[in-house]
Amino acid sequence: MKIVVVGGGSSGWMTASMLSRLIGKQHEITLVESEEVGTVGVGEATIPPIAYFNKVLGINEAEFVNATKGTFKLGIEFDGWRDAEHSYMHAFGRVGKDMGMAGFHHTWLRGKSLGLNTDFWDYSLNYQAAKNNKFGFLQKIPNTQLPGLVHAYHFDAGLYAAYLRQLSEKMGCIRVEGFIDKVNLEPISGNILSLSLKSGKVIEGDFFIDCSGFKALLIEGALKTGYEDWRHWLPCDSAMAMPCESVTPIKPFTKSIAHRAGWQWRIPLQHRTGNGVVYSSEFMSDDEASAHLMNNVDGRALGEPRPIKFTTGRRVKQWHKNCVAIGLSSGFLEPLESTSLHLVQSAIVRLVKLFPQQEINQANVDEYNRQSQIEFERIRDFIILHYKLNNRTEPFWQRMKAMEIPDTLQQKMTLFKETGSIFREQDELFTEAAWQQVMIGQGIEPKSYHTLADSLSDEQASELLQNLSAIMQGTAAKLPSHNDFLSAFKP
Ligand SMILES: Cc1cc2nc3c(=O)[nH]c(=O)nc-3n(C[C@H](O)[C@H](O)[C@H](O)COP(=O)(O)OP(=O)(O)OC[C@H]3O[C@@H](n4cnc5c(N)ncnc54)[C@H](O)[C@@H]3O)c2cc1C
């Protein structure tokens, strides 16, 4: 089969490299991109599964971190989300130690009922390391069965795409430079036949992957598959992005700072810090957002704020006929939990698993679309949770507090509040520990805990909690600083 990838942003090159690696021997892979159009130029904070993606590609971690000016990421700090003065972190990895079938947070809740007023994050190694600017590779906490640090990366998106391009071309992917003027359809089947470039060249293919960004040139422009708009739940529709000089120490976590009509990101790289303001245009003007960004960076500005407009939601059919949309063309969820590149990664994995042998089988298409829908909806719910539970007073936040939320999210919140229980559903991305941290961080106090947490005596429970907290703090303290680790981390 001849596979044509349209677009050379992060999603295009992630797709081209992984398909070249996994099915490049059976199929011919071509990527078309236009320097005239350029890429969205943001998307620099990731979540842990990306390490697996790179591993499958055979990428050396030290080479990758150096080539992309990357840093390590242990979580995301949320400042001012519950109320203006409050801060918490969604730290990756586990929190504490489960007691049989009862999650650790039940023991922690029991401790609270015994008068031990400890912080949930005292039991997160990732949090303790992040807040002390520490980092190291640690599979397990020495002399225990407790898991070690779990990391993702911050990296320069342009350098990542360039790195993957080199890798893809080495594996045989053919790159074509050119502006696509027209998408040609087969009149009877409605399948995509070819792409006409401005230069007059025609690129034919059997299977097309639309990585053309928000333009969605194939999946929407040509195939008109429709878009489900989620702005009634997630009304931020604009961003201003601007890098600044990096500051020391380089923090091993992303910062998300709420402001009166949205939030601001800070993504520390080796050579600069990525900054951006995300906001609802109904509540904040572009000029105000731009001024807010300029006044709230922690290093010297490198350039001017650059506006980006978006509509939160998802493409109704991400696979339609002989075309699959991956990346921004498939839908967009604001970058609050750094999920977009992960959605690219999981779309590629799904596509490989369901890739047609000869003919496209509708059962594969339907399954692909079913799984994508569930994945997008679960992440959507997780993001809404951050907004819904707030005590802020500004009109934007009051609107978010009062809004109706999806039943799937309401059910999770109610269960946690009433019983302290939380369940990860099907293959959903976020773990129970992630949901717990955001629910507790945003202010839910469960009314009770599971009786399994009563299996220890009061003294045993208190001792366990004190020991665990000491282990997390002691282990974090022994790690190298993030800056030192980065300086020594060479291929
Ligand atoms: C404000 C903001 C912040 C973000 N932050 C994060 C983050 O922290 N973490 C994260 O995981 N994700 C983030 N994302 C998402 C992330 O940027 C994207 O998922 C990622 O960059 C992939 O984009 P893409 O490759 O789909 O599209 P693009 O980067 O827009 O690439 C589109 C490609 O299509 C090509 N193209 C388009 N039209 C034509 C044409 N007519 N002819 C030829 N070629 C064409 C272009 O040349 C380009 O190569 C963010 C997104 C936004 C908007």
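Residues numbered from 1 in each chain as written. Predicted model: local features only at pLDDT ≥ 70, side-chain atom pairs only at ≥ 80, totals over all residues. Heavy atoms only, no water.

For the protein, an unreviewed UniProt entry supplies the name Tryptophan halogenase family protein and the organism Brumicola blandensis.

*Asks:* For this particular structure, what's the right way to read the site of the ligand?
*Replies:* Inspection of the region around the ligand gives 35 residues, with Gly8, Ser11, Ala45, Ile180 and Leu341 positioned closest. Interatomic distance of 3.4 Å between a backbone N/O atom of Ser10 and an oxygen atom of the ligand. Backbone polar atom of Ile180 to a nitrogen atom of the ligand: 2.8 Å apart, as the coordinates give it. A class-by-class count of the residues in the shell around the ligand yields 17 nonpolar, 15 polar and 3 charged. Both of domain 1 (2-71 + 155-231 + 312-378) and domain 3 (238-308) provide at least three residues apiece to the shell around the ligand. (Near = heavy atom within 4 Å. Polar contact = N/O pair within 3.5 Å; in protein donor to acceptor, adjacent residues only side chain to side chain. Nonpolar A, V, L, I, M, F, W, Y, C, P; charged D, E, K, R; others polar. Domains from an automatic or database assignment.)

*Asks:* Could you clarify how one ought to interpret the UniProt feature "active site" (unreviewed entry) in the protein in this entry?
*Replies:* Under the present numbering, the feature "active site" (unreviewed entry) in UniProt falls on Lys73. The residue Lys73 is located in strand 3 (residues 71-73) in this model. Non-local contacts of Lys73, meaning those with residues more than four positions away in its chain, are made with Ala45, Thr46, Phe92, Val150, His151, Ala152, Tyr153, His154, Pro252, Thr254 and Ser338. (UniProt positions renumbered as here; feature names shortened; annotations may be inferred. Helix = DSSP H or I, 4+ residues; strand = E, 2+ residues; numbered from the N terminus. Contact = heavy atoms within 4.5 Å.)

*Asks:* How should the sheet that holds strand 13 (residues 238-244) be read in this particular structure?
*Replies:* Strands belonging to one sheet form pairs held by backbone hydrogen bonds; the direction of such a pair is parallel or antiparallel. Overall, mixed pairing links the 7 strands, which are arranged 5-4-14-15-16-13-17 in an open sheet. Edge positions in the sheet fall to strand 5 (87-91) and strand 17 (306-309), since each has one partner strand and no second. Mean inter-strand twist for the sheet, computed between neighbouring axes without regard to direction, equals 20 degrees. Where strand 4 (residues 75-79) meets strand 14 (residues 254-259), 4 bridges bridge the pair, whose relative direction is parallel. Bridge pairing in strand 14 places Phe78 opposite Ser256. (Pairing = 2+ DSSP bridges. Axes fitted to C-alpha atoms, helices over the stretch in contact; angles between N-to-C directions.)

*Asks:* Looking at this model, I keep getting lost on helix 14 (residues 458-478). Mind explaining?
*Replies:* Helical geometry note: an α-helix holds 3.6 residues per turn, so side chains three or four residues apart project in the same direction. With 21 residues, helix 14 should reach 30 Å at 1.5 Å per residue; the first-to-last C-alpha distance of 31 Å fits that figure. Packed against the buried residues of helix 14 are helix 4 (104-113) and helix 5 (125-131). (Expected span 1.5 Å × (residues − 1).)

*Asks:* Hey, could you run me through the pattern of salt bridges in this one?
*Replies:* Two side chains of opposite charge can pair, provided their charged atoms sit close to one another. As enumerated under the stated definition, the model contains 29 salt bridges in all. Between Arg110 and Asp454 there is a salt bridge, with its nearest N and O atoms 3.2 Å apart. Here Arg110 is found in helix 4, whereas its partner Asp454 is found in the loop between helix 13 (432-441) and helix 14, with 344 residues between them in sequence. For Asp454, a relative accessible area of 38% gives the class partly exposed. Through salt bridges with shared partners, a single network forms among Glu33, Glu35, Arg175 and Glu177. (Salt bridge = Lys/Arg side-chain N within 4 Å of Asp/Glu carboxyl O. Buried < 20%, exposed > 50% of the residue type's maximum accessible area, 1.4 Å probe, protein only.)

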